[in-house]
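Take a look at the letters that make up each chain.
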Amino acid sequence: NLNNIEAAEKIYQVMESLNIVDGGNFNQMIDMYVNSGEIEKAGFIFSRIKDENREPDVFARNRLIAGYANIMDERCIDLFNESINLGISNTHTYFSILMYFYKTKDASGCLDIFHRMIDNGIKPDIMACNLTLYTLANISKIKAENFFEDMKVKYEQE
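Residue positions within a chain follow its written sequence, with the count starting from 1. Two thresholds apply to this predicted model, a pLDDT of at least 70 for residue-level local features and 80 or more for giving and counting side-chain atom pairs, whereas whole-chain, interface and lining totals are computed over all residues. Side-chain measures were taken over the full set of non-hydrogen atoms in the model, leaving aside hydrogen atoms and water.

Undergrad: Explain the side chain of T132 residue by residue, including any values.
TA: Counting from the N terminus, the helices are DSSP H or I runs at least four residues long and the strands are E runs at least two residues long. You can see T132 is positioned in helix α8 (residues 126-139). N or O atoms within 3.5 Å of each other form a polar contact, as long as, within protein, one can give a hydrogen and the other can take it, and as long as residues adjacent in sequence are counted only when both atoms are side-chain atoms. A distance of 2.8 Å separates a polar side-chain atom of T132 from the backbone oxygen of A128. Residues are treated as being in contact if the distance between any of their heavy atoms lies within 4.5 Å. What T132 contacts, discounting residues up to four positions off in sequence, is L98, C110, L111, F114 and F147.

Here it is in structure tokens:
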């Protein structure tokens, strides 16, 4: 709702003028902008965090990656790689970037990220497995079947 966004922006401006903005406020603004499709504004808030010599947390990073992925903007890949390199990631970070490869119909990119997830010690959850399988199935039935069999064997052994 436009009125809610404008009201939140005014409150944020007042908080900024009083110098009482914290990480939670930044996250709320990023989340609001991503949810409303205003990804550039979310990116601006993310940049502000960095401009203040703070490191955006995993929530801020994941929301912006998801926002970029949703509009198929390749900046999600750079932000994902930065997050991984800084060690600021979790299952949602990988799921968000998997969504980009699903939306762009890039099966090899999706599979690469899925394997990176495992290589980096992040156990894929059911959502990551299903999204990877769905992406592969839309591109290649054979790749999807191979992926499914590999995962079946892997998880039956655990």
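What follows picks up the thread again.
Undergrad: An account of the packing of helix α6 (residues 91-103) against α8 is needed here, citing residue identities and associated values.
TA: Only the stretch in contact is used when fitting a helix axis, every axis being a line fitted to C-alpha atoms; angles between N-to-C directions are given from 0 to 180 degrees. In the contact formed by α6 and α8, the axes pass within 10 Å of each other and the chain directions differ by 10°. By the angle between their axes, α6 is roughly parallel relative to α8. Here the hand of the crossing between α6 and α8 comes out left-handed. Contact with α6, carried on its side by F95, L98, M99, F101 and Y102, involves M127, A128, L131, T132, Y134, T135 and N138 of α8 and no other residues of that element. Note on residue categories: nonpolar means Ala, Val, Leu, Ile, Met, Phe, Trp, Tyr, Cys or Pro, charged means Asp, Glu, Lys or Arg, and polar means any other residue, Gly included. Classifying every residue of the contact of α6 with α8 gives nine nonpolar, three polar and no charged. Put simply, angles under 35 degrees are roughly parallel, angles over 145 are roughly antiparallel, angles from 65 to 115 are roughly perpendicular, and the rest are oblique. When the near helix sits turned anticlockwise from the far one by under a right angle, the crossing is termed left-handed; a clockwise turn instead gives a right-handed crossing.

Undergrad: Give me α6: which residues, what numbers.
TA: Each full turn of the α-helix corresponds to 3.6 residues, which orients residues three or four apart in the same direction. Multiplying 1.5 Å by the residue count of a helix minus one yields the expected span of that helix. Taking 1.5 Å of rise per residue, the 13 residues of α6 would be expected to cover 18 Å, and the 18 Å separating its terminal C-alpha atoms lies within 8% of that figure. To sort residues, take the accessible area from a 1.4 Å probe on protein chains only and compare it with the maximum for the residue type: under 20% means buried, over 50% means exposed, and anything in between is partly exposed. All buried positions along α6 are accounted for by T93, Y94, F95, S96, I97, L98, Y100 and F101. On the buried face of α6, the contacting elements are α4 (58-70), α5 (75-86), α7 (107-119) and α8. Measuring from the side-chain oxygen of the N-cap residue of α6 to the backbone nitrogen of H92 gives 2.9 Å; that N-cap residue is N90.

Undergrad: Report on the nonpolar core, specifying residues and quantitative values.
TA: We call a set of buried residues a nonpolar core when its members are Ala, Val, Leu, Ile, Met, Phe, Trp, Tyr or Cys and they connect through side-chain atoms within 4.5 Å of each other. Counting 34 residues, the largest nonpolar core has I30 and I97 as the members making the most contacts within it. Listing elements by their share of this core, those giving two or more residues are α1 (2-17), α2 (23-35), α3 (39-51), α4, α5, α6, α7 and α8. What I97 contacts, discounting residues up to four positions off in sequence, is I65, C76, I77, F80 and I113. In terms of nonpolar packing, the next biggest core, distinct from the first, is built from seven residues, F114, C129, F147 and M151 among them.

Undergrad: Report on the environment of N70, specifying residues and quantitative values.
TA: Considering the arrangement of structural elements, one finds N70 in helix α4. For N70, a relative accessible area of 48% gives the class partly exposed. As a C-alpha pair, N70 and I97 span 27 residues in sequence and 9.6 Å in three-dimensional space. In this structure the side chain of N70 is engaged in a polar contact, spanning 3.3 Å, whose partner is the side chain of K103.

Undergrad: Let's hear about the side chain of S83: which residues, and what values?
TA: For S83, the location among the structural elements is in helix α5. Under the relative-accessibility criterion, S83 is labelled buried at 0%. A distance of 2.9 Å separates a polar side-chain atom of S83 from the backbone oxygen of L79. Discounting residues that sit within four places of it in the chain, S83 has contacts with R61, I65, I88, S89 and T93.

Undergrad: I'd like a rundown of the environment of T93, residues and numbers included.
TA: Here T93 is to be found in helix α6. The exposure class assigned to T93 is buried, which follows from its relative accessible area of 0%. Distance in space between the C-alpha atoms of T93 and R63 is 8.6 Å, their sequence separation being 30 residues. For T93, the side chain forms a polar contact with the side chain of N62, separated by 2.6 Å.

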